[in-house]
Amino acid sequence: MSITAEEIATQPECWERASGIIPEVASALPATGEKVAVVGCGTSWFMAQSYAVLRERAGLGVTDAFAASEFPYGRDYDRIVAITRSGTTTEVLDLLRTVRGTVRTTAVIGDPATPIVDLVDDLVVLDFADEKSVVQTRFATSVLALLRTHLGEDITPAVADARRAIAEELSPSLLGAEQFSFLGTGWAYGIALEAGLKMREAAGAWTEAYPAMEYRHGPISITGPNRIAWVFGDLPEGLDGDVARTGGTLEASGTDPLADLIRVQRLAVAIAEAQGLNPDTPRNLTRSVVLS
Ligand code: F1P
């Protein structure tokens, strides 16, 4: 079994642990009413996007998400939250150095033996969810499990869905599909973006990702026989019929989007292995992007 597959299978326990540390780390996370920017790169940026939607829709304060390289310096925030498994990603460290002393900062990290710990005011360490894999799975989802709990959500149902997502068989139509369009509304759009990235990183698959209601505005023209439209969370009315008319296959489990992401992670590993690729050594990727 690949290391990636082993790490994927540990997610329910990691989410429970992440959720359980809230009493210890709550003071390091955004307070109600704070205007917050959440930043990261790659997978961490997509988790930032999901969190931003969840926090703002929970009425806890304006929350924006940015790729670290695209941060709009000059805007006023009460706090910047950086998500980074490695703690070494250049764009994230550059941002934190630039804003040091001007705004309160929090880093949510996997590895505390990294330079980021000296660059932030507050730290949340999820070392139990850190990974050996290059592609991120359990760190990212554990961050979101932690943040969802901090927003007041009981993640017990999501953990139950996660256990089912790990145990269930992957259908042959998914394993043999030629293309995947991942869709989501609200916070599930960040999950759709991450699903697309995971399949590209681990399996070199052709994937796209859109807000679910944008799918009809062009992207639907890609769907057809042996191609998948995969909806995370709520299925917009009529979309099932629209996908059926293309001849493509709709995948919409209706389960918790974070748990449904686990099925995509597993699919990415399975497709990689079926093609003779090693999901532990994805093409052209490193665990962290450190620019010289
Ligand atoms: C961010 C990241 C990963 C990506 C790749 C390079 O890492 O972009 O999401 O899969 O391995 O690094 P981090 O800042 O969360 O450590």
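Residues numbered from 1 in each chain as written. Predicted model: local features only at pLDDT ≥ 70, side-chain atom pairs only at ≥ 80, totals over all residues. Heavy atoms only, no water.

J.: Which parts of the structure should I look at to understand the domain arrangement of the protein chain?
T.: Where interface size is given, it is often the accessible area lost as the parts come together that is meant. Domain annotation of the protein chain identifies domain 1 (3-154) and domain 2 (157-274). Between the C-alpha centres of domain 1 and domain 2 the distance comes to 24 Å. Taken together, the contacts link 26 residues of domain 1 with 25 residues of domain 2. Taking both sides of the interface into account, the surface hidden between domain 1 and domain 2 amounts to around 2,100 Å²; carbon and sulfur atoms contribute 71%. Counting the contacts that link domain 1 with domain 2 gives three salt bridges. For Asp256, the salt bridge identified is with Arg148, shortest N-O distance 2.6 Å. Along the contact surface separating domain 1 from domain 2 lie eight residue pairs in polar contact (both at pLDDT 80 or more). Counting residues per element, the side of domain 1 that touches domain 2 draws most heavily on helix H4 (residues 43-57), which supplies eight residues. Partitioned by chemical class, the residues of the side of domain 1 that touches domain 2 number 12 nonpolar, nine polar and five charged. (Domains from an automatic or database assignment. Contact = heavy atoms within 4.5 Å. Buried area = accessible area lost by both parts, 1.4 Å probe. Salt bridge = Lys/Arg side-chain N within 4 Å of Asp/Glu carboxyl O. Polar contact = N/O pair within 3.5 Å; in protein donor to acceptor, adjacent residues only side chain to side chain. Helix = DSSP H or I, 4+ residues; strand = E, 2+ residues; numbered from the N terminus. Nonpolar A, V, L, I, M, F, W, Y, C, P; charged D, E, K, R; others polar.)

J.: What is the right way to look at the sheet that holds strand E1 (residues 36-40) in this model?
T.: Sheet strands associate in pairs through backbone hydrogen bonding, adopting either a parallel or an antiparallel arrangement. With parallel pairing, five strands are arranged side by side in an open sheet as E2-E1-E3-E4-E5. If you trace the sheet from one side to the other, it starts and ends with strand E2 (63-67) and strand E5 (122-125), each paired once. The mean angle between the axes of side-by-side strands here comes to 20°, regardless of whether they run parallel or antiparallel. Summarising the sheet, strand E4 (residues 104-109) and E5 pair through four bridges and their orientation is parallel. Opposite Ala107, over in E5, you have Leu123 as the bridge partner. Across the sheet, H4 touches E1, E2 and strand E3 (79-84), and the angle it forms with E2 is around 170°. (Pairing = 2+ DSSP bridges. Axes fitted to C-alpha atoms, helices over the stretch in contact; angles between N-to-C directions.)

J.: Whenever I open this one, the site of the ligand confuses me. Can you help?
T.: Near the ligand lie 14 residues; those nearest to it are Ser44, Thr84, Ser86, Thr89 and Glu201. At 3.0 Å, a backbone N or O of Thr43 approaches an oxygen atom of the ligand. At 2.6 Å from an oxygen atom of the ligand is found a side-chain nitrogen or oxygen belonging to Ser86. Across the complex, the protein chains shield 96% of the 390 Å² of accessible surface that the ligand would expose by itself. Class assignment for the residues of the shell around the ligand results in three nonpolar, eight polar and three charged. (Near = heavy atom within 4 Å. Areas by Shrake-Rupley, 256 points an atom, 1.4 Å probe, with all protein chains shown as cover.)

J.: Help me out: how do you make sense of the side chain of Thr223 in this one?
T.: Tracing the backbone shows Thr223 in the loop between strand E7 (207-211) and strand E8 (227-232). Only 2.5 Å separates the side chain of Thr223 from the side chain of Tyr215, close enough to count as a polar contact. Leave out the neighbours within four places in its chain, and Thr223 touches Ser181, Tyr215, Val243, Thr246 and Gly248.

J.: What should I look at first to understand the pattern of salt bridges in this one?
T.: On inspection of all chains with the given rule, the structure shows 20 salt bridges. Ionic pairing is found between Arg163 and Glu16, a salt bridge with its closest N-O pair at 3.4 Å. One end of the pair, Arg163, is in helix H7 (residues 156-167); the other, Glu16, is in helix H2 (residues 11-20), and 147 residues separate them in sequence. For Glu16, a relative accessible area of 42% translates into the label partly exposed. Here Asp122 and Arg104 are joined by a salt bridge, their closest N and O atoms 3.0 Å apart. Placement of Asp122 in strand E5 and of Arg104 in strand E4 is noted, with a sequence separation of 18 residues between them. For Arg104, a relative accessible area of 40% corresponds to the partly exposed category. In this structure, a network of salt bridges that share partners links the residues Glu34, Arg79, Arg104 and Asp122. (Buried < 20%, exposed > 50% of the residue type's maximum accessible area, 1.4 Å probe, protein only.)

J.: Help me understand the packing of H4 against helix H6 (residues 138-150), please; the structure alone is not making it clear to me.
T.: Relative orientation and spacing of two packed helices are given, respectively, by the angle between their axes and the distance between those axes. Between H4 and H6, the shortest axis-to-axis distance is 10 Å and the interhelical angle comes to 20°. Relative to H6, H4 is oriented roughly parallel. Crossing handedness for the pair H4 and H6: right-handed. Of the residues in H6, those touching H4 at Thr43, Met47, Ser50, Tyr51 and Leu54 are Ala140, Leu144, Leu147 and Arg148. For the contact of H4 with H6, a count of residues per class yields six nonpolar, two polar and one charged. (Parallel < 35°, antiparallel > 145°, perpendicular 65-115°, else oblique. Left-handed = near helix turned anticlockwise from the far one by under 90°.)

J.: Even after reading the chapter, I still don't get the nonpolar core, so can you show me in this structure?
T.: Generally speaking, a soluble globular protein has its nonpolar side chains buried in company with each other. Ranked by internal contacts, the top residues of the largest apolar core, which has 68 residues, are Trp15, Leu126, Leu146, Phe180, Phe182, Met199 and Phe232. Taken domain by domain, the makeup of this core includes at least three residues from each of domain 1 (3-154) and domain 2 (157-274). Ignoring sequence-local partners within four residues, the contact set of Leu146 consists of Ala18, Ile21, Ile22, Val25, Leu29, Val124 and Leu126. (Core = buried A, V, L, I, M, F, W, Y, C linked by side-chain atoms within 4.5 Å.)

J.: I'm lost on the environment of Gly254 in this one. Help?
T.: Counting through the fold element by element, Gly254 comes out in the loop between strand E9 (249-251) and helix H11 (257-274). Its relative accessible area of 59% is what places Gly254 among the exposed residues. Sequence spacing of Gly254 and Leu123 is 131 residues, and the spatial spacing of their C-alpha atoms is 34 Å.

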